[in-house]
Amino acid sequence: MEETFVVLPTCYKEGFFSKDSLFHPELEGGRYGVTGDPVPYSVRGDDVITSLLLVFFVLAVIAYSNIRGFFTRQVKNFFHTPHDGATSMTETATETRFQVFIVFLTSLLFATLYYFYSLHYNGDSYILSSQYYLILVFWSIFLLYLLVKLVLYSFVNMVFFDGKRNKQWIKSLLFIIALEGLMSIPAVIMGPYFDMPIHKVEIYFAIALISVKLMTFYKCYIIFFRQNVVGLQIILYLCALEIVPLLALWGVLDITANSLKINF
């Protein structure tokens, strides 16, 4: 029996939907519809930053629970007037490591807070491939600032004061840095995570910073200038080692943020 082949006209084989991907699974379908606007960046939705802050907070709580006696002694002795013949407190290796960790944590909190400030005023367009690198840059600047500050105080105090007072001041300065870190935690949390207005965060941080500087002024007076009261000398001392480095830090941060920002 012979086979017969039917030749269909082209109009029967090709139609409007003949090349549609819905009828041909082997063809790439593509995307239908109109592309929507991307969701704007939000710190609250950034899992990396949230996880980083949570990890450091847990580590700080664990470290404090292990040496809470040392921290309590520091609080009690901060407003205590030391006697010339009294012996200073000695720290264990764990307490020393805790103070070093607090310096790193404080610099990280400051870097995160300035990162939020930079996002609000400069936007999120930077030349860096990831915004986490921006936090790392700010962290390096704050850490270098704190280390340079400790070195400057040690050098100046070695020239003008004895080693015992210098040691007392370094211990007090580390405690003050720890207080700065603790007082900056509400600003880091309340701003991006609880929608506190930026001007209220700035007011809170300014009040905290002024309070810390007043405590620094008081402790500096108690240790170095209690016996020889020279008003001009203590003002010059604190301006040279507190105010000038702080203004220099702000200038470096502002220049760095503007240099890394993409200007359209």
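Data block above holds the structure.
Here goes a summary of the coordinates provided. No experiment lies behind these values; they were computed from the predicted model shown.

Definitions and limits used
Residues numbered from 1 in each chain as written. Predicted model: local features only at pLDDT ≥ 70, side-chain atom pairs only at ≥ 80, totals over all residues. Heavy atoms only, no water. Helix = DSSP H or I, 4+ residues; strand = E, 2+ residues; numbered from the N terminus. Buried < 20%, exposed > 50% of the residue type's maximum accessible area, 1.4 Å probe, protein only. Areas by Shrake-Rupley, 256 points an atom, 1.4 Å probe, with all protein chains shown as cover. Polar contact = N/O pair within 3.5 Å; in protein donor to acceptor, adjacent residues only side chain to side chain. Contact = heavy atoms within 4.5 Å. Salt bridge = Lys/Arg side-chain N within 4 Å of Asp/Glu carboxyl O. Core = buried A, V, L, I, M, F, W, Y, C linked by side-chain atoms within 4.5 Å. Axes fitted to C-alpha atoms, helices over the stretch in contact; angles between N-to-C directions. Parallel < 35°, antiparallel > 145°, perpendicular 65-115°, else oblique. Left-handed = near helix turned anticlockwise from the far one by under 90°. Nonpolar A, V, L, I, M, F, W, Y, C, P; charged D, E, K, R; others polar. Phe/Tyr/Trp six-rings, centres within 6.5 Å; stacked < 30°, edge-to-face > 60°. Patch = residues over 30% accessible without salt bridge, like charges linked within 9 Å, V, L, I, M, F, W, Y side chains within 5 Å.

Helices and strands together make up the secondary structure of the chain, namely 8 helices and 0 strands. Starting at the N terminus and walking to the C terminus, you meet the elements of the chain as α-α-α-α-α-α-α-α. Classification of the 264 residues of the chain by burial places 35% in the buried group. When the accessible surface of the chain is summed, it comes to about 17000 Å², and 68% of that surface belongs to carbon and sulfur atoms.

Another aspect to go through is the side chain of T216. Position of T216 relative to the elements: it lies in helix α7 (residues 198–224). At 2.8 Å, the side chain of T216 and the backbone oxygen of V212 are in polar contact. Excluding residues within four positions of it along the chain, T216 makes contact with W169, I176, L238 and E242.

This part is about the pattern of salt bridges. A full pass over the atoms with the stated rule returns 2 salt bridges. Note that K149 and E242 form a salt bridge whose closest N and O atoms lie 3.2 Å from each other. With a gap of 93 residues between them, K149 in helix α5 (residues 131–160) and E242 in helix α8 (residues 231–260) connect regions that are remote in the sequence. Each of the two residues, K149 as well as E242, counts as buried.

Attention shifts here to the nonpolar core. What tends to happen in soluble globular proteins is that the nonpolar side chains get buried as a cluster. Among the nonpolar cores identified, the biggest contains 54 residues, and I49, Y115, F138, W169, C220, F224 and Y237 are the most heavily contacted of them. Broken down by secondary-structure element, the contributors of at least two residues to this core are α2 (47–66), α4 (93–122), α5, α6 (163–194), α7 and α8. The element contributing the most residues to this core is α4, with 13 residues. Ranked by size, the runner-up nonpolar core spans 7 residues in total, among them F71, F78, V212 and M215.

Bringing the packing of α5 against α6 into the picture now. Orientation of α5 relative to α6, taken along the N-to-C sense of each, is 160 degrees, at an axis distance of 10 Å. By the angle class used here, α5 and α6 are roughly antiparallel. For the pair α5 and α6, the sense of crossing is right-handed. Residues L146, K149, L150, Y153, S154, N157 and M158 of α5 pack against N166, W169, I170, L173, L174 and I177 of α6. Of the residues in the contact of α5 with α6, the class split is 9 nonpolar, 3 polar and 1 charged.

This next bit is on the packing of aromatic side chains. For any pair of aromatic rings, the description consists of the separation of the ring centres together with the inter-plane angle of the planes. Within the structure shown, the criterion is met by 9 aromatic pairs. With centroids separated by 5.7 Å and ring planes inclined at 90 degrees, the aromatic side chains of Y114 and W250 adopt a geometry described as edge-to-face. Remark: W250 occurs in helix α8 and Y114 occurs in helix α4; sequence separation between them is 136 residues. By relative accessible area, Y114 is classed as buried at 6%.

The subject of this paragraph is a nonpolar patch on the surface. Among the surface-exposed residues, L54, V55, F57, V58, L59, V61 and I62 lie close enough to one another that they form a single nonpolar patch of about 610 Å² accessible area. For V58, a relative accessible area of 38% gives the class partly exposed.

Now for the side chain of S184. With respect to the helices, strands and loops of the structure, S184 is situated in helix α6. Judged by relative accessible area, S184 falls into the buried class, the value being 1%. Sequence-distant contacts of S184, defined by excluding residues within four places in its chain, comprise L109, F110 and F205.

The quantities given are spatial measurements derived from coordinates; they are silent on function.
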